[in-house]
Amino acid sequence: MGKKNMKDKIKIPRCDGISDEEFRESILPKREPVIITGLDIGLCKSLWTVDYLSNKIGDKQVKVHVSKDKQMDFIKKNFIYKTISFRSLIKRASEREHEEFFLDKNEVYYLRALGDDPRGRDVSDFKKHYSGISDDIIFPAYFEPSQYFSSVFRIGSSGCQLWTHYDIMDNMLIQVKGRKRVVLFNPQDTQNLYLNGDKSEIIDIDNPDYEKFPKFKNVMFYEGFLEPGDVIFIPALWMHNVISLDFGIAVNVFWKNLDNSFYNQKDPYGNRDLVPAEKALQSLETALKSLKELPKDYSDFYHRRILSRVERSLNEL
Ligand SMILES: O=C(O)CCC(=O)C(=O)O
């Protein structure tokens, strides 16, 4: 009992060809994930082969994650960043064993495309930064153009697993090539996910260390499998963990679902907490630092007082 294969799971629903109206009226207000099948995502599904992409955008330089470990860990940083040509990236990401490598002949690669600013301050915009192939893909038109924030080209080796994290915007992830397993966690499970910033400390979600992370036993997995051409709606704040079952190519689009004033205007990734939340978290850090000045038994008491105050506020929501 309590083993990974005994874990309760909810299957993320798969819905065929949802119209714009249906999405806005019946899916968006529920704030729950849905896999949408049968959408016209453009010619990318057939065009985007390794050869085609090499010919079109092969010379572009991209900054990629390279790791010996398929389970990438952003907190412990078990990967390095390397800048290579797009041609090398897709060649290496699509093969199991490499003649040329940085760390190991079986290393894995992951691209999360950035803007053109080398310091990473530019918002990622697929249609602008990959203009040579921008007409190949059609983004679902479920949101108003004014809600658009960014679109991110994502390429990963087979087996590559991306750490569990949340984003603060609604997300449509368009899976173009390869299959993926996605596991999502309801925002109401946040206390059981051992967050460190916007990421969970639990890397191996299927074989977690329950002694270290006992509350993870209470977490419900929302699980889905993406096939090429599928689009998954990941609502803001739903933590997600993604495993590429094959060499994969995807583009995801972030959309603002709240008034613009909530978002930090200097956030190129779309993962800075909302302005009032960031302020609250900073105040909490100051409060916790202040408690460090107390003897341990007093500090313990005031930590608990703060917890009960937070619990009361949560119950009042
Ligand atoms: O599919 C992937 O590679 C990761 C997707 C993801 O984390 C996202 O869209 O926020």
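Since this is a predicted model, take the numbers as computed values, not measurements.

Colleague: How would you summarise the sheet that holds strand β16 (residues 248–255) if you had to cite specific residues and measurements?
Modeller: Taken in spatial order, the 9 strands line up as β2-β3-β14-β9-β16-β7-β6-β4-β5 in an open sheet, and their pairing is mixed. The open sheet has two free edges, formed respectively by β2 (14–16) and β5 (79–85), since each of these has just one partner strand. Between one strand axis and the next, the sheet turns by 25° as a mean value, whatever way the strands run. Relative to β5, strand β4 (residues 61–67) runs antiparallel, the two sharing 7 bridges. Note on β5: the bridge partner recorded for Ser-67 is Phe-79. Helix α4 (residues 86–93) rests against β4, β5, β6 (108–112) and β7 (148–156) of the sheet, and its axis sits at about 125° to β5.

Colleague: Before we move on, can you summarise the nonpolar core with the specific residues and values?
Modeller: Among the nonpolar cores identified, the biggest contains 42 residues, and Phe-23, Trp-48, Phe-86, Leu-89, Tyr-130, Phe-153 and Ile-155 are the most heavily contacted of them. With near-sequence residues (within four places) excluded, Ile-155 lies in contact with Phe-86, Leu-89, Ile-90, Ala-93, Tyr-109, Tyr-110, Leu-111, Phe-247, Gly-248 and Ile-249. Within the second largest apolar cluster, 20 residues are counted, among which are Ile-202, Ile-205, Phe-213 and Val-219.

Colleague: Tell me about the site of the ligand, and name the residues and values.
Modeller: Surrounding the ligand, one finds Tyr-110, Arg-154, Leu-162, His-165, Asp-167, Asn-171, Leu-173, Lys-180, His-240, Val-242, Asn-252 and Phe-254. Interatomic distance of 3.0 Å between a side-chain N/O atom of His-240 and an oxygen atom of the ligand. Taking 290 Å² as the accessible area of the ligand by itself, protein coverage stands at 99%. Of the residues assigned to the shell around the ligand, the class counts are 5 nonpolar, 4 polar and 3 charged.

Colleague: With reference to specific residues and values, describe helix α3 (residues 50–57).
Modeller: Among the residues of α3, those classed as buried are Tyr-52, Leu-53, Ser-54 and Ile-57. For α3, the secondary structure elements touched by its buried residues are α2 (44–47), α4, β7 and β16.

Colleague: Account for the environment of Lys-68, with residues named and values stated.
Modeller: Its location among the elements puts Lys-68 in the loop between β4 and β5. You can call Lys-68 exposed: its relative accessible area is 56%. Not counting residues within four places of it along the chain, the set of residues in contact with Lys-68 comprises Leu-103 and Asp-104.

Colleague: Before we move on, can you summarise a nonpolar patch on the surface with the specific residues and values?
Modeller: On the surface, a cluster of nonpolar side chains totalling about 390 Å² of accessible area is made up of Leu-294, Tyr-298, Phe-301 and Tyr-302. Its place among the elements puts Tyr-298 in helix α7 (residues 296–315). Judged by its relative accessible area of 49%, Tyr-298 falls in the partly exposed class.

Colleague: Which residues make up the domain arrangement of the protein, and what values do they have?
Modeller: Interface extent is often summarised as the accessible area lost during association of the parts. Taken domain by domain, the protein holds domain 1 (4–272) and domain 2 (276–315). In this structure, domain 1 and domain 2 have C-alpha centres spaced 33 Å apart.

Colleague: Account for the pairing of strand β8 (residues 161–165), naming residues and giving values.
Modeller: For β8, the tally of buried residues reaches 5 of 5 residues, placing the bulk of the element in the interior. Pairing geometry for β8 and strand β15 (residues 239–244), over 3 bridges, is antiparallel. Counterpart to Leu-162 in the pairing with β15 is Val-242.

Reading guide: rules and limits
Residues numbered from 1 in each chain as written. Predicted model: local features only at pLDDT ≥ 70, side-chain atom pairs only at ≥ 80, totals over all residues. Heavy atoms only, no water. Pairing = 2+ DSSP bridges. Helix = DSSP H or I, 4+ residues; strand = E, 2+ residues; numbered from the N terminus. Axes fitted to C-alpha atoms, helices over the stretch in contact; angles between N-to-C directions. Contact = heavy atoms within 4.5 Å. Core = buried A, V, L, I, M, F, W, Y, C linked by side-chain atoms within 4.5 Å. Buried < 20%, exposed > 50% of the residue type's maximum accessible area, 1.4 Å probe, protein only. Near = heavy atom within 4 Å. Polar contact = N/O pair within 3.5 Å; in protein donor to acceptor, adjacent residues only side chain to side chain. Areas by Shrake-Rupley, 256 points an atom, 1.4 Å probe, with all protein chains shown as cover. Nonpolar A, V, L, I, M, F, W, Y, C, P; charged D, E, K, R; others polar. Patch = residues over 30% accessible without salt bridge, like charges linked within 9 Å, V, L, I, M, F, W, Y side chains within 5 Å. Salt bridge = Lys/Arg side-chain N within 4 Å of Asp/Glu carboxyl O. Domains from an automatic or database assignment.

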